[in-house]
Number of protein chains: 4
Amino acid sequence: MSFELVSNNYGKSAVRLLRVTRDGQQHDVKDISVDIQFEGDFEAVHTVGDNSRVLPTDTMKNTVYALAARQPVGEIEEFAQRLVEHFLDHNRQVSQVKLGISERLWSRIPVDKKLHPTAFVSGGDERRTACVTGTRAGIAISAGIDDLLVLRTAGSAFDGYTKDSYTTLSETRDRIFATIVKADWLYETRETNFGSCWRTIRGALLESFAAHPSESVQHTLYAMAKSAIERCKEIREIWLSMPNKHHLPFDLSRFGMENRNEVFVPTDEPYGLISATVRRA
Amino acid sequence: MSFELVSNNYGKSAVRLLRVTRDGQQHDVKDISVDIQFEGDFEAVHTVGDNSRVLPTDTMKNTVYALAARQPVGEIEEFAQRLVEHFLDHNRQVSQVKLGISERLWSRIPVDKKLHPTAFVSGGDERRTACVTGTRAGIAISAGIDDLLVLRTAGSAFDGYTKDSYTTLSETRDRIFATIVKADWLYETRETNFGSCWRTIRGALLESFAAHPSESVQHTLYAMAKSAIERCKEIREIWLSMPNKHHLPFDLSRFGMENRNEVFVPTDEPYGLISATVRRA
Amino acid sequence: MSFELVSNNYGKSAVRLLRVTRDGQQHDVKDISVDIQFEGDFEAVHTVGDNSRVLPTDTMKNTVYALAARQPVGEIEEFAQRLVEHFLDHNRQVSQVKLGISERLWSRIPVDKKLHPTAFVSGGDERRTACVTGTRAGIAISAGIDDLLVLRTAGSAFDGYTKDSYTTLSETRDRIFATIVKADWLYETRETNFGSCWRTIRGALLESFAAHPSESVQHTLYAMAKSAIERCKEIREIWLSMPNKHHLPFDLSRFGMENRNEVFVPTDEPYGLISATVRRA
Amino acid sequence: MSFELVSNNYGKSAVRLLRVTRDGQQHDVKDISVDIQFEGDFEAVHTVGDNSRVLPTDTMKNTVYALAARQPVGEIEEFAQRLVEHFLDHNRQVSQVKLGISERLWSRIPVDKKLHPTAFVSGGDERRTACVTGTRAGIAISAGIDDLLVLRTAGSAFDGYTKDSYTTLSETRDRIFATIVKADWLYETRETNFGSCWRTIRGALLESFAAHPSESVQHTLYAMAKSAIERCKEIREIWLSMPNKHHLPFDLSRFGMENRNEVFVPTDEPYGLISATVRRA
């Protein structure tokens with residue numbers, strides 16, 4: 001029996017870095033986790049245990065810290081590009097480098113109504129993300145948002161749907177709509193103000209989530225995607241994934257009471273999961 | 001061989017509730033998780049399987065939703081009191097009810113520079129907590145904060161400590177100080193503006209964390225505790241727990257480079273863990 | 001500006017089910033979590049909020065329980081097929097149904113050296129998985145293993161690799177090799193004894209992990225993949241993902257002591273991540 | 001305003017260690033996580049930032065590895081004792097050392113029906129635990145089990161309980177009983193075969209969980225506690241905590257079907273939580 005190595009990847013994941021930049025009394029922090037994946041000519045490492053072309057994942061990790069020391073990280077899309085270029089330049093056997101970065105967000109602590117120059121409080125679970133994929137032919141830059149938890153209490157309906165013999169859900173014109181937005185978009189060009197774009201798209205997603213007259217998660221997801229593309233000309237396409245974090249009205253009728261759409265049970269499981277990709281036509 | 005039931009507890013944990021309150025176009029949400037524990041005369045349920053005095057934990061759960069429907073939750077310390085009183089009043093066999101509440105925090109989404117009346121974004125991992133313990137003799141009300149993640153990049157030292165043959169840590173006058181504050185305090189009286197106290201204490205903890213010239217985690221923890229007690233006269237005692245979320249300077253010297261206190265490896269394990277209780281004398 | 005819905009998916013995730021089957025005094029349990037995803041003609045739900053073709057995800061959930069009631073679950077690949085066929089048969093607007101199942105494993109508790117007929121202890125984090133994708137043209141059946149944590153203390157080397165200016169890793173002929181195996185394979189035919197195949201492949205993976213003279217994670221991963229394909233003729237292709245759960249030798253030389261390859265620090269972050277697909281040629 | 005330091009603790013948590021012991025071709029592994037907490041004369045570190053009496057938590061961590069290098073870990077209760085004694089001997093300012101250890105369990109991988117001498121598969125989430133508390137007056141040794149997940153499908157009832165206006169639970173003589181056992185017991189003497197005791201108590205807990213005719217979680221918890229004390233004479237007292245991992249019968253009547261106690265929804269939240277301490281009288 002003979003075998004074929006169809007595809008292979010290797011790299012280092014969860015390389016965590018805090019980079020401090022000092023501008024006089026004012027400090028900035030960049031708090032990131034980096035994932036690196038190589039593809040390339042690694043047949044022999046698998047088939048005969050020949051490591052001569054393998055750059056150790058430990059060296060990949062060291063490289064992250066070394067490049068972070070040479071200059072401030074800057075926007076994560078830029079740091080990812082520098083890492084991709086370094087790895088491609090120094091490793092002829094590598095055909096593709098994929099560099100993912102997830103950034104934890106920090107806010108300055110207010111002290112006496114002024115933002116403190118060197119003390120920070122966590123921005124929560126939300127992450128800013130970027131992914132740069134580089135080959136000998138060129139690079140692709142995408143960015144996104146992870147774990148942006150939002151909830152609205154008005155203007156969300158779900159009715160008029162297909163019923164079959166197993167359908168028991170009640171139709172409603174007024175439900176809780178809660179989701180954890182995950183977004184990924186592709187930049188059209190490397191000459192982009194990545195930070196500004198990210199904030200614009202985040203704002204567009206939040207505002208349209210809040211204000212859209214919602215007939216379903218799909219309906220609002222599509223409106224959010226359109227809004228992001230409309231406001232940020234540097235992107236043409238966005239993917240959104242939005243789990244439906246169900247909040248079930250608690251049945252008070254068993255106690256002779258009425259639930260005036262006020263008392264809900266938040267649930268984690270099971271959950272609806274809706275995703276789509278929308279593109280400027 | 002004979003046996004003694006030394007102590008026993010039972011109850012329902014993780015009863016999750018979202019309570020919506022509507023004031024015209026403006027909605028408010030209270031998003032809580034409730035833990036209930038009973039102590040009392042439950043010997044027979046253990047020893048002979050006699051359930052006649054057992055209020056099912058399912059009923060405890062239902063009671064949370066029923067009382068949340070009767071009136072808005074209000075401050076979590078108040079809702080916990082109403083639940084404790086209900087359970088003590090209706091269950092003669094119960095000697096103690098312990099009612100813990102953990103509140104997830106939400107902020108309004110800004111749309112066109114105004115806060116949206118019915119749409120919210122998560123306040124992150126941080127939780128506001130309360131614990132009310134009621135017996136036939138009276139009640140005790142404590143409150144706190146969970147998972148308040150903070151970090152500072154200046155004014156934090158650790159030196160002058162004991163060395164022994166296994167000590168390898170370098171002394172420093174300038175290190176990263178990051179921690180996840182957990183706080184619990186006891187109220188002196190039931191007649192308290194609990195929401196206002198909570199915000200005052202949170203502000204005191206954040207500000208003293210940011211500004212204190214720190215010789216150690218213990219040193220700053222003590223300053224934070226003092227600041228909380230000074231600013232909120234309704235409390236006499238506070239317990240703080242502060243893990244040291246170590247950020248290790250990355251050793252760049254192996255590459256012939258210097259780490260100008262700029263490049264750090266955030267680590268989760270192992271971690272220092274410091275806690276103390278401070279009281280107004 | 002006009003927009004295009006490039007792709008879309010929706011469904012219910014984490015539908016948890018425990019199905020008990022009784023054969024006289026002997027009970028069996030099947031403990032699964034089901035993920036369902038539909039693709040199809042759902043343009044209007046996104047663009048104009050028309051839900052008329054949407055089968056609610058709540059109905060998908062109900063269907064899982066209804067079909068589990070009609071007959072025992074059996075092998076998860078078979079239950080997934082029944083669900084896929086049901087959804088395709090009853091929903092003309094759907095072009096593809098993807099049905100993932102993750103099975104938690106239970107062992108019987110031994111009592112007086114016999115396996116108890118109705119009491120079980122958890123098999124740990126490991127999961128048996130299956131994924132059936134059905135379209136109007138046919139179905140594809142894959143299966144796998146998740147979270148199979150293994151460790152070996154001998155016969156694992158890593159040396160002879162590429163060095164650059166950031167390489168500091170020491171070469172070794174004797175290291176700890178620990179990983180969490182994730183596997184997915186595609187069945188060639190629907191006429192398969194899925195349970196028997198799964199156990200055969202699991203055994204092949206474990207045995208070759210244990211016994212392979214390892215020059216790298218890649219080297220052993222390839223040997224494991226070959227062994228699985230060799231032993232199970234019903235599969236032609238397998239994908240393996242194996243994070244390198246690094247165990248770092250602790251540096252005792254600072255205390256004037258020697259580490260005789262006995263004292264290690266297990267770490268979760270960062271971790272190497274190696275994956276590949278191998279196919280019978 | 002003056003302040004009092006009521007109590008204080010500090011130490012290192014989550015010190016992870018893999019210790020390999022080699023006996024010819026046969027290797028053994030001990031995989032533990034260590035938590036250390038000191039109490040003592042640390043007033044000045046808090047009040048004036050005087051670190052002169054502080055042994056760094058980093059040194060505590062190093063000590064774990066150093067002592068693990070001097071001799072094999074052995075039973076975790078013994079390793080904890082050695083660490084406690086070391087810390088008390090070398091730190092006059094310390095009044096109490098609390099040393100907790102949590103052990104991950106590994107089984108040998110079977111290869112050709114024989115257990116492999118150097119390859120292991122995870123024993124799952126279950127942990128063996130120990131806690132040794134030492135003061136100038138003496139030491140106390142406790143041990144336990146964490147995260148032992150079990151389930152039974154027969155012989156478990158819950159009826160005859162108190163009903164009030166919020167009670168909706170149906171009485172049953174046949175329900176699923178699933179729990180995650182957490183146990184802690186105190187040893188009467190230091191001269192104990194800790195490994196043998198642990199296995200005896202674990203067996204007693206599992207067997208009585210499986211076989212006890214259960215009227216409630218409390219009822220079975222008590223039977224399990226009695227069984228442990230009966231079988232292991234070295235302990236006098238045991239604490240058990242058993243969350244009720246509810247499995248709700250799915251309501252099939254809405255589809256005109258009957259649930260013959262076969263189809264259940266496993267739930268994580270909310271959960272009952274039952275704990276008690278039982279002592280030999």
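Here the structure is a predicted model, which means the values were calculated and not measured.

(A) Quick peek at the overall build of chain A. Helix and strand content of chain A: five helices and 11 strands. On the principal axes, the C-alpha backbone points of chain A span a range of 75 × 70 × 40 Å. Looking at chain A as a whole, 50% of its 281 residues are labelled buried. The long-range fraction of contacts in chain A, counting pairs at least 24 apart against all pairs at least 6 apart in sequence, stands at 63%.

(B) Quick peek at the relation of the copies chain D and chain B. After a rotation of 180° and a shift along the axis of 0.0 Å, chain D superposes on chain B with an RMSD of 0.0 Å. Interpreted geometrically, this transformation is the action of a two-fold axis. Looking at chain D, 99% of its interface residues are interface residues in chain B too, so the copies touch through the same face.

(C) Expanded view of helix α5 (residues 217–231) of chain C. The terminal C-alpha atoms of α5(C) lie 21 Å apart, and with 15 residues this matches the ideal 21 Å at 1.5 Å per residue to within 8%. Of all 15 residues in α5(C), 13 are buried, a share of seventy percent or more.

(D) Main features of the environment of B:Ala143. Residues and elements named next belong to chain B. With respect to the secondary-structure elements, Ala143 resides in strand β6 (residues 138–152). Of the residues examined, Ala143 has 27 C-beta atoms within 10 Å and is grouped as buried. For the pair Ala143 and Gln93, spaced 50 residues apart in sequence, the C-alpha to C-alpha distance is 27 Å. In this view, Ala143 contacts Glu77, Thr129, Ala130, Trp185, Tyr187, Phe194 and Trp198; residues no more than four positions away in its chain are not counted.

(E) Examining helix α4 (residues 194–211) of chain B more closely. For α4(B), with 18 residues, the first-to-last C-alpha span of 26 Å sits near the 26 Å given by 1.5 Å per residue. Within α4(B), the full set of buried residues consists of B:Phe194, B:Cys197, B:Trp198, B:Ile201, B:Ala204, B:Leu205, B:Leu206, B:Ser208, B:Phe209 and B:Ala210.

(F) Seen up close, the pairing of strand β8 (residues 235–244) of chain D. All names here are of chain D. In terms of strand pairing, strand β7 (residues 177–187) meets β8 through six bridges, oriented antiparallel. Bridge assignment links Ala183 to a residue of β8, and that residue is Leu240. Taken together, the eight bridges between β8 and strand β11 (residues 271–280) define a ladder with antiparallel strand orientation. Across the sheet, residue Ser241 finds its bridge partner in β11, namely Ser275.

(G) Unusual backbone geometry, seen in detail. Omega for the peptide link from A:Glu269 to A:Pro270 comes to -10°, which places this bond in the cis form. Looking at the element boundaries, A:Pro270 is found in the loop between β10 (263–266) and β11 (271–280). The backbone of B:Asn261 sits at a positive phi, close to 55°, despite the residue not being glycine. Structurally, B:Asn261 can be placed in the loop between β9 (247–249) and β10 (263–266). Using a count of 15 C-beta atoms within 10 Å as the deciding quantity, one classes B:Asn261 as partly exposed.

(H) The domain arrangement of chain A, seen in detail. Residues and elements named next belong to chain A. Partitioning chain A into structural domains gives domain 1 (15–137) and domain 2 (148–279). Each of domain 1 and domain 2 has a C-alpha centre, and these two points are 31 Å apart. Counting residues at the interface gives six residues for domain 1 and five residues for domain 2. Here the side of domain 1 that touches domain 2 takes three residues from strand β5 (residues 114–135), the largest share from any one element. By residue class, the composition of the side of domain 1 that touches domain 2 is no nonpolar, no polar and six charged.

(I) Region of interest: the packing of helix α4 (residues 194–211) of chain A against helix α5 (residues 217–231) of chain A. All names here are of chain A. Axis separation between α4 and α5 bottoms out at 8 Å; the angle between their running directions is 145°. Crossing hand, α4 versus α5: right-handed. Where α4 approaches α5, its residues Thr200, Ile201, Ala204, Leu205, Ser208 and Phe209 are matched on the opposing element by Thr220, Ala223, Met224, Ser227, Ala228 and Arg231.

(J) Structural context of the interface of chain D and chain B. Every contact between the two is made by 67 residues of chain D and, on the other side, 66 residues of chain B. Of all the secondary structure elements, the ones that give two or more residues to the side of chain D that touches chain B are β1 (3–13), β2 (15–23), α1 (43–47), α2 (57–70), α5 (217–231) and β11 of chain D. Tallying contributions element by element places β1(D) first for the side of chain D that touches chain B, with 11 residues. Residue composition of the side of chain D that touches chain B, by class: 26 nonpolar, 26 polar and 15 charged. Sheet topology places strand β11 (residues 271–280) of chain B next to β1(D); 10 bridges connect them, and they run antiparallel.

(K) Geometry of the pairing of strand β6 (residues 139–152) of chain A. Relative to β6(A), β5(A) runs antiparallel, the two being bridged by eight bridges. In the strand pairing of β6(A), A:Thr133 is matched with A:Ala140. Here nine bridges tie β6(A) to strand β7 (residues 177–187) of chain A, and the two strands are oriented antiparallel to one another. Bridging from a neighbouring strand, A:Leu148 pairs with A:Val181 of β7(A). Inspection of the sheet shows β6(A) paired to strand β5 (residues 114–135) of chain B by three bridges, in the antiparallel sense.

(L) A look at the packing of helix α2 (residues 57–70) of chain A against helix α3 (residues 76–90) of chain A. Residues and elements named next belong to chain A. Interaxial distance between α2 and α3 falls to 11 Å at its minimum, and their mutual angle equals 125°. The orientation of α2 with respect to α3, classified from their angle, is oblique. Remark: the crossing between α2 and α3 carries right-handed chirality. Packed against α2, whose contacting residues are Thr63, Val64 and Leu67, the element α3 presents Arg82, Leu83 and His86 at the interface. Grouping the constituent residues of the contact of α2 with α3 by class yields three nonpolar, two polar and one charged.

(M) Spatial organisation of the environment of C:Gly195. Mapped onto the elements of the fold, C:Gly195 is located in helix α4 (residues 194–211). Between the alpha carbons of C:Gly195 and C:Val121 there is a distance of 20 Å; along the sequence they are 74 residues apart.

(N) Local environment of the environment of C:Pro56. With respect to the helices and strands, the residue C:Pro56 is situated in the loop between α1 (43–47) and α2 (57–70). Given 23 C-beta atoms within 10 Å, C:Pro56 falls into the buried group. Along the backbone, C:Pro56 and C:Lys12 are 44 residues apart, and their C-alpha atoms lie at a distance of 8.9 Å. Discounting chain neighbours no more than four positions away, the residues touching C:Pro56 are A:Tyr161, A:Thr167 and A:Leu169.

Rules and cut-offs
Residues numbered from 1 in each chain as written. Chains lettered and ligands numbered in written order. Predicted model: local features only at pLDDT ≥ 70, side-chain atom pairs only at ≥ 80, totals over all residues. Helix = DSSP H or I, 4+ residues; strand = E, 2+ residues; numbered from the N terminus. Buried ≥ 20, exposed ≤ 12 C-beta atoms within 10 Å, placed from the backbone. Contact = placed C-beta atoms within 7 Å. Least-squares fit on C-alpha atoms with pLDDT ≥ 70 in both. Expected span 1.5 Å × (residues − 1). Pairing = 2+ DSSP bridges. Domains from an automatic or database assignment. Nonpolar A, V, L, I, M, F, W, Y, C, P; charged D, E, K, R; others polar. Axes fitted to C-alpha atoms, helices over the stretch in contact; angles between N-to-C directions. Left-handed = near helix turned anticlockwise from the far one by under 90°. Parallel < 35°, antiparallel > 145°, perpendicular 65-115°, else oblique.

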